[in-house]
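An overview of the molecular structure
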Amino acid sequence: MIASGTGRSPDSAAWIQRDEFRQAISHAVNRQQFADAVYFGAAVPVWGPITPGNKPWYWDGVPRYDYDVERAKALLNPGGVMVLSFEAQKPFIADRMGRALEQVFGHKPVMFRVPYNAYGWGGLVFVIGDAPGAAEAGVAADPKLAALVEEWKAAAPESLSGDTPLATDDWPYIYLERPTIPVLYFVLAGALTLLCAFGLYELKLGGAVKQWGGSSWHFFFLGAGFMLLEVQNVSKAAVVLGNTWAVNAVIISGVMVMILLANLTAARLPKVPLAPVYALLVLSCVGLYFLDLSRFAFLPYATKALVAGLLTSLPMLFSGIVFVRSFAVAERKDAALGANLIGSLVGGLLQSVTFVTGIKALLLIVAAAAGDQDRAGDDAVGQRQVIVAPA
C-alpha cells in the first residue's frame with residue numbers, strides 16, 4: 001500500500017502520498033539491520049525499487065533517509081494512531097496485548113474484533129494513539145468506519161480483565177496464560193523417559209545405571225548443565241540479535257570457540273589450579289544473570305553478534321577446562337560419555353522450568369549446582385568438579 005500510494009479510500013491515499021509520511025517511514029526502517037539479520041550480511045541496503053545489481057537501471061542518486069527514529073517521529077503529526085491486528089483466540093492473549101499497549105502509551109486502546117470476510121480471516125484489532133482520545137477521535141472522524149466498529153463490537157463484545165501477566169524478555173511466553181508448565185511437556189517428558197528405559201532394558205544396561213558411582217553422576221550433571229546453559233544462551237541472545245536462525249548460528253559458534261579455547265588451555269596449562277576455575281564459572285553465570293544484553297543493541301550487527309556469542313558462552317570456557325581434566329582421568333571413558341549424553345537429555349527436559357521461573361533462572365541453577373558438584377566428583381577424580389561442559 002505504501003509503495004503504490006493507493007488505498008481503498010481517497011482519504012487514505014492522500015495521507016499515504018504525503019512526502020513527510022513517506023520520509024518518516026523511510027527513516028523508521030533499519031535497512032542495515034534487515035541486511036545483517038535476515039540475509040546474514042549477504043545483502044546491501046537499498047532506497048528504491050531497483051537494486052545495485054540491476055546496473056542498466058540503477059541510479060545511485062536516489063535520496064537516502066538514514067535510520068533515525070526520532071527524525072521519523074518529528075515528521076509525523078501529533079495525534080496520530082497505531083493499529084495492531086492480532087488473531088488472539090484466547091481472552092488472556094488479548095488481555096496481554098492490551099495491557100502491553102496500555103503500559104507503553106499510558107492509556108487503554110480501542111478494541112474490536114473484525115469478523116471473517118472476503119478480505120481475510122479478520123482478528124482482534126487494537127487502535128491506540130499517542131494521546132488519550134486520539135484513537136477514538138480517529139475512528140469517529142469517519143462515520144462509516146465508526147458505525148462499522150460499533151456493529152463489530154455489538155456482534156463480538158471484547159473486554160480486558162487486566163490481570164494477565166505481561167510477557168518480558170525473561171518470560172517471553174505470549175501464548176501461556178500463567179507461569180506454569182504445559183501438560184504437553186509432561187507428556188513428552190514421560191514418553192522420552194519410557195523410551196529411554198525401554199532402550200536400557202533391551203540393551204540390558206539397567207544394571208549399569210544402578211551401579212553409577214561419583215564419576216558417572218559427575219558426567220551426567222556435566223551434560224545436563226551444558227544443555228541448560230545452551231537453552232539460556234539462545235533465548236538471552238535473541239533479545240539483542242532477534243529471533244532468527246542467525247541467533248543459533250552465533251551461539252553455536254560461540255560454544256565451539258569456547259570448547260577449542262578450553263582444550264587449548266588444558267593442553268598448555270595442565271597443572272592450573274581448578275579452584276579459580278570453579279570461582280570464575282560461578283561468577284560468570286551470576287554476571288550473565290544480571291547482564292542485560294540489550295544494552296549492546298546500538299552496536300553494528302557483526303560487533304554485537306561477536307559480543308553476545310562470546311559473553312553468553314563464557315561459562316563454557318571454564319567448565320570445558322574441568323571437563324577435559326575430568327575426562328582425561330576417568331577410568332571408563334565409555335561410561336563417562338554415556339552418562340554425559342543421558343544428562344544432556346535430562347537437561348533438555350529440565351529447560352521446561354523456565355515456563356515458571358523465567359529464562360535467567362537457569363543461570364542460577366547452573367551456578368548453584370557448580371558450587372555443590374564436588375560431592376559427585378571427589379570419589380572418582382580426587383578433586384572438585386563442575387557441571388557445565390560440552391556434551
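The rules we used
- Residues numbered from 1 in each chain as written.
- Predicted model: local features only at pLDDT ≥ 70, side-chain atom pairs only at ≥ 80, totals over all residues.
- Heavy atoms only, no water.
- Helix = DSSP H or I, 4+ residues; strand = E, 2+ residues; numbered from the N terminus.
- Buried < 20%, exposed > 50% of the residue type's maximum accessible area, 1.4 Å probe, protein only.
- Contact = heavy atoms within 4.5 Å.
- Pairing = 2+ DSSP bridges.
- Axes fitted to C-alpha atoms, helices over the stretch in contact; angles between N-to-C directions.
- Phe/Tyr/Trp six-rings, centres within 6.5 Å; stacked < 30°, edge-to-face > 60°.
- Parallel < 35°, antiparallel > 145°, perpendicular 65-115°, else oblique.
- Left-handed = near helix turned anticlockwise from the far one by under 90°.
- Nonpolar A, V, L, I, M, F, W, Y, C, P; charged D, E, K, R; others polar.
- Salt bridge = Lys/Arg side-chain N within 4 Å of Asp/Glu carboxyl O.
- Lys, Arg positive; Asp, Glu negative; His and termini not counted.
- Polar contact = N/O pair within 3.5 Å; in protein donor to acceptor, adjacent residues only side chain to side chain.
- 1 Å grid on protein atoms, 1.4 Å probe; cavity = no way out; pocket = protein on both sides within 12 Å on 5 of 7 lines; lining within 4 Å.
- Points joined across faces, edges and corners; volume = space filled by probe spheres on them.

The secondary structure content of the protein chain amounts to 18 helices and 3 strands. Taking all 391 residues of the protein chain together, the buried fraction comes to 35%. The contacts in the protein chain between residues at least 6 apart in sequence include a share of 70% that link residues at least 24 apart.

We now examine the sheet that holds strand S3 (residues 123–129). Strand pairing within a sheet occurs via backbone hydrogen bonds; the two strands may be parallel or antiparallel. In space, the 3 strands of this open sheet follow the order S1-S3-S2, with antiparallel pairing throughout. If you trace the sheet from one side to the other, it starts and ends with strand S1 (81–86) and strand S2 (110–114), each paired once. On average, each strand axis in the sheet is inclined to that of its neighbour by 20°, with strand direction left out of account. Packing of helix H5 (residues 91–105) onto the sheet brings it into contact with S1 and S3, and relative to S3 it is tilted by some 10°.

Here we take up the packing of aromatic side chains. Within this structure, the stated rule accounts for 11 aromatic pairs. Judged by centre distance (5.3 Å) and plane angle (75°), the rings of tryptophan 217 and phenylalanine 220 are edge-to-face. Placement of the pair is tryptophan 217 and phenylalanine 220 together in helix H10 (residues 214–241), with a separation of 3 residues, close to one helical turn. Residue phenylalanine 220 is classed as buried on the basis of its relative accessible area, which comes to 11%. On the numbers, 5.3 Å between centres and 80° between planes, the contact of phenylalanine 220 with phenylalanine 221 is edge-to-face.

A separate point is the packing of helix H11 (residues 245–268) against helix H14 (residues 314–329). Relative placement of two packed helices is described by the angle separating their axes and the distance separating the axes. Interaxial distance between H11 and H14 falls to 8 Å at its minimum, and their mutual angle equals 40°. Considering their axes alone, H11 and H14 lie oblique with respect to each other. When you trace H11 past H14, the crossing you get is right-handed. The residues of H14 that touch H11, namely those facing Val255, Met258, Leu261, Ala262, Asn263, Thr265 and Ala266, are Leu314, Met316, Leu317, Gly320, Ile321 and Val324. Each residue belonging to the contact of H11 with H14 can be placed in one class, and the counts come to 10 nonpolar, 3 polar and no charged.

Here the focus is the pattern of salt bridges. What the rule picks out here adds up to 6 salt bridges. The partner of glutamate 158 in a salt bridge is arginine 113, and the shortest N-O contact between them spans 2.8 Å. Taken together, the residues glutamate 158 in the loop between helix H7 (143–155) and helix H8 (183–202) and arginine 113 in strand S2 connect sequence positions 45 residues apart. Ionic pairing is found between arginine 178 and aspartate 163, a salt bridge with its closest N-O pair at 3.9 Å. One end of the pair, arginine 178, is in the loop between H7 and H8; the other, aspartate 163, is in the loop between H7 and H8, with 15 residues separating them in the sequence. Here the salt bridges share partners, and the residues they tie into one network are Glu87, Arg113 and Glu158.

Moving on, we come to the side chain of aspartate 95. Mapped onto the secondary structure, aspartate 95 falls in helix H5. Buried within the structure, aspartate 95 lacks any salt-bridge partner; arginine 99 is the closest side chain of opposite charge, at an N-O distance of 5.4 Å. Polar side-chain contacts of aspartate 95 include one of 2.7 Å to the backbone nitrogen of glycine 162. For aspartate 95, the residues in contact, after removing those within four places along its chain, are Leu160, Ser161, Gly162, Asp163 and Thr164.

What follows deals with the layout of surface pockets. Quantified by volume, the second largest pocket comes out at close to 550 Å³. Of all elements in the fold, only H8, helix H9 (206–210), H10, H14, helix H15 (333–350) and helix H18 (374–381) reach the threshold of two or more residues within the lining of the second largest pocket. Ranked by the residues each element gives to the lining of the second largest pocket, the list is headed by H15, at 6 residues. Looking at side-chain class alone, the lining of the second largest pocket contains 16 nonpolar, 8 polar and 3 charged residues.

Remember that the coordinates give geometry; whether it matters functionally is a separate question.
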